[in-house]
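# Structural overview
Below, each chain spelled out in residue letters.
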Amino acid sequence: MSGKYKPPFPRVAQLKTAELFAQHLKKENIQLDFDAELTFGADSPFGKAHTLRSGLKIGNSMCILPMEGWDGTEDGRPTELTRRRWRNFALSGAKLLWGCEAVAVRPEGRANPNQLMLNEQTFQDFVELFEFLQTTHFEQFRDTSNLLIGLQLTHSGRFCKPNDKKKMEPRILYPHPVLNKKFGLAEDYPLLSDAEIDSIIDDYVKAAVLAQKAGFHFVDVKHCHGYLGHEFLSAYDREGKYGGNFENRTRFLRDIVSGIRAAAPGLEIGVRMSIFDWVPFQKGPEEIGIPAQVHPYRYAFGGKESGTSADMQESFLFLQELEKLGIELFCTTAGSPYYNPHIQRPALFPPSDGYLPPEDPLCGVARQIKATAEIKAAFPGLYVVGSAYSYLQEWLPNVGQHVLKKGMADSIGFGRMVLSYPDMPADIIAGNGMKRAKICRTFSDCTTAPRNGMISGCYPLDPLYKKMPEYEQLKALKGE
Ligand SMILES: Cc1cc2nc3c(=O)[nH]c(=O)nc-3n(C[C@H](O)[C@H](O)[C@H](O)COP(=O)(O)O)c2cc1C
């Protein structure tokens, strides 16, 4: 698809000057402000440090977002490829590593057979991974006192593929009118029972205890991207103590948090959440994404019933809940890479199971920045990390600097961009300018590869992945 596709909007690389970039945003009515000039060193907003209420320090306003590589062993341990990715995170220059990657709390909750898993058997591997991050960072930057490292804990719920890369074994909370059909599940597909959920909560707590023992400063109780934590939030139709009213739909969060507080006192807790969601999209005419036709659509947490715009009233209630629980670390994201990737990770080219962008992907970037700013304004006490900046490419530092200066977020999260350009954060701080040859152009190979049973990585730009036979397979798959 990528070879033939001629987007109806300019590529970011063509918007070479601040004037051209500004003109394009204005013409398309995309609300995205940026600083034409960058500051660096001590004056850079990216260099601003923060101390959490617990006294833990974050040395700058740059964050590496969690990104898994589908490259662990089948018993959930890291491989050399996993360690290489984590090494790059530690060397990036960012002082907040938000979760590193999704780590399953039990075998059947894995999103793929090669997802990392934290349990008694794999514990020592995580001790070593944590030490490895610290040592690597220290060798480069001579200071780890202000490096904050979390581990993202997950159960993949509806998107579990624990045993075979091609076989979904979903664990669902309610029959979803669109997603059940999309993924071939009968309307009466069995639901997780309340007792099973109770035991999943126990596993989160056990994993958090191990994460703390391994040295991690915080765990992220993941509530995003359509995985289990996120599905609870839209379990309006579920009966029993985990569904229906808001209190029940957030019980999963509360029970995990109180379990962790009791069993791992002193461990920071963070939450990464899809702050708004939309209806699932699918390929329409000319392969361009169109929304599923369900009216009213009641399952977008943080979304309107139209299915294609945000209404964050309930997201705000969720944030109030976090505040009551004393949680300070919050990372925003949106939607899901499985059913509406263009709102989650705006890209020029879609993953193989996606659709061509129904809008200029800059709209997707702007939408997440605006929603994040609304959250920061309403909850100034939260430390808020924003996501989905990679599509900005050359303009990422300029937009990020503006967001930080205006207090629209506390930290800028970097995802795909650091797969292709791991030392970009260090370059931003040093004022080195962006290295064009390393800039992620959002070809989505990092998502297409795992969708087709391969490991993830930046095939077009990372020299190691470029040489792999998987890259040829990927090209063949895309008809290139
Ligand atoms: C290859 C890949 C793996 C990812 N793995 C995770 C993950 O484990 N946990 C998570 O919360 N998000 C994951 N994400 C989403 C990113 O953290 C991020 O939200 C997304 O890429 C948008 O940010 P960006 O525009 O900087 O790439 C992944 C994204 C990619 C491309």
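Residues numbered from 1 in each chain as written. Predicted model: local features only at pLDDT ≥ 70, side-chain atom pairs only at ≥ 80, totals over all residues. Heavy atoms only, no water.

Turning our eyes to something else, we now look at the nonpolar core. Core analysis: the biggest nonpolar cluster contains 121 residues, and F21, L32 and I260 have the highest contact counts within it. Top contributing element to this core by residue count: helix 5 (residues 194-214), with 11 residues. Those residues in contact with I260, other than ones at most four positions away along the chain, are V205, A208, V219, V221, P265, L267 and I269. Grouped together as the second largest cluster of nonpolar side chains are 12 residues, L65, F218, C331 and Y383 included. (Core = buried A, V, L, I, M, F, W, Y, C linked by side-chain atoms within 4.5 Å. Buried < 20%, exposed > 50% of the residue type's maximum accessible area, 1.4 Å probe, protein only. Helix = DSSP H or I, 4+ residues; strand = E, 2+ residues; numbered from the N terminus. Contact = heavy atoms within 4.5 Å.)

Quick look at the packing of helix 5 against helix 8 (residues 251-263) now. Here helix 5 crosses helix 8 at 40 degrees, and the two axes come no closer than 9 Å. By the angle class used here, helix 5 and helix 8 are oblique. In terms of crossing hand, the pair formed by helix 5 and helix 8 is right-handed. The residues of helix 8 that touch helix 5, namely those facing I197, I200, I201, Y204, V205, A208 and V209, are F252, D255, I256, G259, I260 and A263. Partitioned by chemical class, the residues of the contact of helix 5 with helix 8 number 11 nonpolar, one polar and one charged. (Axes fitted to C-alpha atoms, helices over the stretch in contact; angles between N-to-C directions. Parallel < 35°, antiparallel > 145°, perpendicular 65-115°, else oblique. Left-handed = near helix turned anticlockwise from the far one by under 90°. Nonpolar A, V, L, I, M, F, W, Y, C, P; charged D, E, K, R; others polar.)

So, on to the site of the ligand. Around the ligand, the structure places 20 residues, and the nearest of them are Q152, R272, S390, G415 and R416. Side-chain polar atom of Q344 to an oxygen atom of the ligand: 3.3 Å apart, as the coordinates give it. One of the side-chain nitrogen or oxygen atoms of R416 is found 2.7 Å away from an oxygen atom of the ligand. The fraction of the free accessible surface of the ligand (620 Å²) that becomes covered by protein chains is 99%. Comparing atom positions with the cavity grids shows the ligand to sit within the largest cavity. (Near = heavy atom within 4 Å. Polar contact = N/O pair within 3.5 Å; in protein donor to acceptor, adjacent residues only side chain to side chain. Areas by Shrake-Rupley, 256 points an atom, 1.4 Å probe, with all protein chains shown as cover. 1 Å grid on protein atoms, 1.4 Å probe; cavity = no way out; pocket = protein on both sides within 12 Å on 5 of 7 lines; lining within 4 Å. Sits in = over half its atoms within 2 Å of the grid points.)

What follows is about the pairing of strand 13 (residues 411-414). Burial of strand 13 is two-sided: the residues S411 and G413 facing one way and the residues I412 and F414 facing the other way are all buried. As paired elements, strand 3 (residues 62-64) and strand 13 share three bridges and run parallel to each other. Looking across to strand 13, one finds that I64 is bridged to F414. Regarding topology, helix 12 (residues 396-405) serves as the crossover connection from strand 12 (residues 383-386) to the parallel strand 13, and that connection is right-handed. (Pairing = 2+ DSSP bridges. Right-handed = clockwise from strand over helix to strand, strands pointing away.)

The periodicity of an α-helix, 3.6 residues per turn, causes residues three or four positions apart to be oriented the same way. Taking 1.5 Å of rise per residue, 12 residues should cover 16 Å, and helix 2 (residues 80-91) covers 16 Å from first to last C-alpha, within 8% of that figure. Along helix 2, the positions that sit buried rather than exposed are T82, R85, W86, N88, F89 and A90. In this structure, the buried side of helix 2 is in contact with strand 3, strand 4 (96-97), helix 3 (123-141), strand 6 (148-154), helix 13 (416-420) and helix 16 (463-466). (Expected span 1.5 Å × (residues − 1).)

Turning our eyes to something else, we now look at the packing of aromatic side chains. Applying the stated criterion across every chain yields a total of 21 aromatic pairs. Here the aromatic rings of F21 and W395 are separated by 4.9 Å at their centres, their planes lie at 5 degrees, and the arrangement is stacked. One end of the pair, F21, is in helix 1 (residues 18-27); the other, W395, is in the loop between strand 12 and helix 12, with 374 residues separating them in the sequence. The buried category is assigned to F21, whose relative accessible area is 0%. (Phe/Tyr/Trp six-rings, centres within 6.5 Å; stacked < 30°, edge-to-face > 60°.)

What is shown is where atoms sit, not what they do.
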